[in-house]
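As a plain string of letters, each chain reads:
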Amino acid sequence: MVGSKRHSGARRTVRYALAVVLLLIMVYPYLYMVLSSFADWAQIDKTLFPTKFTTRSYDWLFHGGETGITRPWLHAFMNSVIVSICSTVLMMLFGVMVAYALAKLNFFGRNAINNFVLFHMFFPAIILLIPTFLIIQRVGLYDTYLGLILPKAVSLWAIFMYTNFFKAVPQVFIEAARLDGASDLKIMYRIMLPMSKSITTVIFLFLLMERWTELLWDMIAVKSDSMLTLNVLLSQMFGPYGSYPGPLYAASTILTLPIIIMFVFFSKQFREGMQFNLK
């Protein structure tokens, strides 16, 4: 009996040790980036854990350093916030409406649209990059907020996730609401959305992260400095700042910080949503 308990305790210790090692492997790259953004330049990329710290990289980043090239970081940050939030809200709005129609309404062509959504998800978005660019250019949306937001306003993944969730909602709820005189719009936002609170948090975080880190479309959809997003501004640094890794680490830290904050803030709801999906 005692030997069995010791064996069980040893296995538990091994599992915990492996979990800690895997966690360190996953967290270390981000931790190294943050530490290197504050590290003394003589230690950057020379040691695994810098020991001398300074704010020189951030001073260099915001004031141009020896290059003398100052960048509109605050304006680019606000552009990224506006574009990411507006795009995410639109993706979720269209996702809910389309998913409700596909899951709970009977109309001609519903199965064909469902198949199209699944079929289209297998194709990379880059194949539509040039046609989309030509469209926004011809309608006068090039180098505007709408040009950045509208082409990213629909997410097939969000439609797919919401459709599968709505299909699992018992039809009796829908019929009861219709007997009370509720319209489909009211059913959608008064019944379906509150019931999908957990999965909505997961979808919101994934869509926000996807749009926040978008680079290729943001690079070709704008040309003026006033419309640059944080990703594009960071990509431009590899020219004048290529031989200065400190500022690059600092810029990367600033870029990823909002995502980390959002995840920590919604971590409880995120775990609940993932647990629901895994059942």
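What you see is a predicted model, and the numbers here were worked out from it, not measured in a lab. (Residues numbered from 1 in each chain as written. Predicted model: local features only at pLDDT ≥ 70, side-chain atom pairs only at ≥ 80, totals over all residues. Heavy atoms only, no water.)

**Q** Hey, could you run me through the UniProt feature "transmembrane region" (unreviewed entry) in the protein chain in this one?
**A** Taken from the UniProt record, the annotation "transmembrane region" (unreviewed entry) applies to residues 12–31, 81–103, 115–136, 148–166, 187–209 and 248–266. For residues 115–136, helix accounts for 64% and strand for 0%, while the C-alpha atoms at its two ends are 27 Å apart. Helix makes up 95% of residues 248–266 and strand 0%, with an end-to-end C-alpha separation of 28 Å. (UniProt positions renumbered as here; feature names shortened; annotations may be inferred. Helix = DSSP H or I, 4+ residues; strand = E, 2+ residues; numbered from the N terminus.)

**Q** It is not clear to me how the confidence of the model for the protein chain should be interpreted in this structure. Could you clarify?
**A** The predicted model of the protein chain averages 82 in pLDDT, with 87% of residues at 70 or higher. Looking at the elements of the protein chain, mean pLDDT is at its lowest for helix H14 (residues 267–278), recorded as 59, and at its highest for helix H6 (residues 145–149), recorded as 94. (pLDDT = per-residue confidence, 0-100.)

**Q** Which parts of the structure should I look at to understand helix H2 (residues 56–63)?
**A** Owing to its 3.6 residues per turn, the α-helix aligns residues three or four sequence positions apart on the same side. Here H2 has its buried residues at Ser-57, Tyr-58, Trp-60 and Leu-61. Across the axial projection of H2, the buried residues extend over an arc of 160°, all falling on one side. (Buried < 20%, exposed > 50% of the residue type's maximum accessible area, 1.4 Å probe, protein only. Arc of directions from axis to C-beta.)

**Q** Just to check I follow, could you spell out unusual backbone geometry for this structure?
**A** Glycine aside, a negative phi is what most residues show, and trans is what most peptide bonds show. Positioned with a positive phi, Asp-143 is a non-glycine residue whose angle comes to about 65°. As for its placement among the helices and strands, Asp-143 is situated in the loop between helix H5 (129–138) and H6.

**Q** What should I look at first to understand the nonpolar core in this one?
**A** Nonpolar side chains in soluble globular proteins generally cluster together in the buried interior. Counting 26 residues, the largest nonpolar core has Leu-61, Trp-73, Leu-148, Trp-217, Leu-230, Met-237 and Ala-251 as its most contacted members. A per-element tally of this core places helix H13 (residues 245–265) first, with 5 residues. Met-92, Phe-165, Ile-174 and Ile-199 belong to the second-largest nonpolar core, a separate cluster that totals 20 residues. (Core = buried A, V, L, I, M, F, W, Y, C linked by side-chain atoms within 4.5 Å.)

**Q** Before we go on, may I ask you to explain empty space enclosed by the protein in this structure?
**A** Regions of empty space are outlined by a rolling probe, equal in size to a water molecule, passed over the atoms. If you walk through the whole model with that rule in mind, you get 1 cavity of 30 Å³ or more. Reported here for the largest cavity is a volume of approximately 40 Å³. Along its surface, the largest cavity is lined by Ser-80, Val-83, Ser-84, Arg-211, Trp-212, Glu-214, Asp-218, Thr-229 and Asn-231. Going through the elements one at a time, helix H3 (73–104) and helix H10 (197–212) are the ones with two or more residues in the lining of the largest cavity. Examining the composition of the lining of the largest cavity, we find that 3 residues originate from one element, H3, more than from any other. By residue class, the composition of the lining of the largest cavity is 2 nonpolar, 4 polar and 3 charged. (1 Å grid on protein atoms, 1.4 Å probe; cavity = no way out; pocket = protein on both sides within 12 Å on 5 of 7 lines; lining within 4 Å. Points joined across faces, edges and corners; volume = space filled by probe spheres on them. Nonpolar A, V, L, I, M, F, W, Y, C, P; charged D, E, K, R; others polar.)

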